[in-house]
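Coordinates in review
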Amino acid sequence: MRLATWNINSIRTRVGRAVDFAVREDIDVLAFQEIKCKPEQFPYAPFEEAGYHVEVHGLNQWNGVAIASREPITEVSTAFAGMPGFAKGHEGPDAPLEARALGVTVGGVRVWSLYVPNGRSLDDPHLAYKLHWLDALRTATAAEIAANPSRPLALVGDFNIIPFDHDNGDPDIVVGRSTHVSPEERAAFFALESAGLTDVVRPLIPEGFTYWDYQRLKFPRNEGIRIDFVLGSDAFASAVTGASIHRDERKGEQPSDHVPVVVELDLGGPEEDDDLPMIFA
């Protein structure tokens, strides 16, 4: 299986790029974030013509997640257990949920496409929401793995956290002044390890950014950051055979400010004929 994650920054604007990438790179499962549309606005036809099933969770022109898969999609969830909501000026347990999580099962693998809250600034209520959201994600993931430890599980997407200093090439993002690099955010990211998750890309690709701001020539200057990840359970991590960060997708006409991250899995089972288009094993 080839699994990819991509913050597409508006699927309707970049549907051509998304489908071309999926077909060209022989992607079996592609998780999107920041699709910026409702399900009825999603451009299903190009994906379906390319042989993909699509599941979408979007509520308005902000946020939104989706998953395209060559295999049938089952066990669809649009929120994880305990996921908090947020609305400006609306605090408490009944705050409305945003479209930031989509869990599905494909080919025996449980995949969550996640768009973690940004945090906005160190003194903004959105940062507290972000930390609460991540803590609930950790708890829910630990429970999901405990309930089915042999099933490969992956949390993929835009985590809006820069875990290490060498993941930050943007001079405008400064510890003590900016979100994404605060000790609290980094601790929340690393706490996901206690839920039984591992960053499966970093061991294979220790360096490399996944996002470059559109402003100030940051891509030509390579002033990027690494905030898009594939975190896998032990059953998932043990199946990973390769990974890649597709930097060239930041080039060309109307690129997203993020690029795809891809992992390759060997899930065992009977061997497939080389001539077959599917690569699920």
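Secondary structure assignment for the protein chain yields five helices and twelve strands. Its C-alpha atoms give the protein chain a radius of gyration of 18 Å, within 12% of the compact-globule value 19 Å for 281 residues. Taken over the C-alpha atoms alone, the protein chain extends approximately 55 × 45 × 40 Å along its principal axes. For the protein chain, with 281 residues in total, the buried portion stands at 54%. Total accessible area on the protein chain is roughly 12200 Å²; 50% of this is exposed by carbon and sulfur atoms.

Even without being a glycine, glutamate 34 presents a positive backbone phi close to 55°. Topologically, glutamate 34 is positioned in the loop between β2 (29–33) and α2 (44–49). In this structure glutamate 34 comes out as buried when scored by relative accessible area, which is 15%. One non-glycine residue, glutamate 75, lies in positive phi territory at about 50°. Secondary-structure assignment places glutamate 75 in strand β5 (residues 74–77).

If you trace the backbone, histidine 258 turns up in the loop between β11 (240–245) and β12 (261–265). Overall, histidine 258 belongs to the buried group, its relative accessible area being 3%. Those residues in contact with histidine 258 that sit more than four places away from it in its chain are Trp6, Asn7, Asp158, Thr210, Tyr211, Ile227 and Asp228.

The next point concerns empty space enclosed by the protein. Applying the stated criterion to the full structure yields one cavity of 30 Å³ or more. What the largest cavity holds in volume is close to 30 Å³. Around the largest cavity, the lining residues are Phe80, Trp112, Leu137, Ala140, Thr141, Glu144 and Leu155. By residue number, the principal contributor to the lining of the largest cavity is helix α3 (residues 125–147), which donates four residues.

The tally for this structure, following the rule as stated, stands at 14 aromatic pairs. Look at phenylalanine 164 and phenylalanine 190: their rings are 5.3 Å apart centre to centre, the planes differ by 50°, and that puts the pair in the tilted class. With phenylalanine 164 in the loop between β8 (153–158) and α4 (183–191) and phenylalanine 190 in helix α4, this residue pair connects regions lying 26 residues apart in the sequence. By relative accessible area, which is 33% here, phenylalanine 164 ends up partly exposed. Judged by centre distance (5.0 Å) and plane angle (85°), the rings of tryptophan 212 and phenylalanine 219 are edge-to-face. Under the relative-accessibility criterion, tryptophan 212 is labelled buried at 1%. The class of phenylalanine 219 is buried, set by a relative accessible area of 12%.

A separate point is the confidence of the model for the protein chain. When pLDDT is low, close inspection of the predicted coordinates is not appropriate. In the predicted model, the protein chain carries a mean pLDDT of 94, and 95% of its residues have values of at least 70. Predicted confidence in the protein chain is weakest over α3, with a mean pLDDT of 97, and strongest over β2, with 99. Low confidence marks residues 271–281, where pLDDT is under 50. Its contacts with residues over four positions away, or in another chain, come to 17 contacts.

So, how was this worked out
Within any chain, residue numbers begin from 1 and follow the written order of that chain's sequence. A pLDDT threshold of at least 70 governs which residues receive local features in this predicted model, and a stricter bar of 80 or more applies before side-chain atom pairs are shown or counted, although totals over entire chains, interfaces and linings include all residues. Excluded from the side-chain calculation are hydrogens and water; included are all heavy atoms of the structure. To qualify as a helix, a DSSP run of H or I must reach at least 4 residues; to qualify as a strand, a run of E must reach at least 2; elements of each kind are numbered from the N terminus. Computation of the radius of gyration draws on C-alpha atoms alone. For the globule rule, the value is 2.2 Å times the number of residues to the power 0.38. Only protein chains enter the calculation, and the probe is 1.4 Å; a residue is then buried if its accessible area is under 20% of its type maximum, exposed if over 50%, and partly exposed in between. Per-residue accessibility takes into account occlusion by the displayed protein chains alone, with areas from the Shrake-Rupley method and a 1.4 Å probe. The contact rule is simple, with two residues in contact once any of their heavy atoms fall within 4.5 Å. The way it works is a 1 Å grid over only the protein atoms, where trapped points that fit a 1.4 Å probe form a cavity and open points with protein on both sides within 12 Å along at least five of seven lines form a pocket, and then any residue with an atom within 4 Å of a point lines it. Grid points are joined across faces, edges and corners, and a volume is the space filled by probe spheres set on the points. Ring pairs are drawn from Phe, Tyr and Trp, using the six-membered ring of Trp, whenever the two centres fall within 6.5 Å, and their geometry is named by plane angle: stacked under 30 degrees, edge-to-face over 60, tilted for the rest. Summary of the metric used: pLDDT quantifies the predictor's per-residue confidence within the range 0 to 100.

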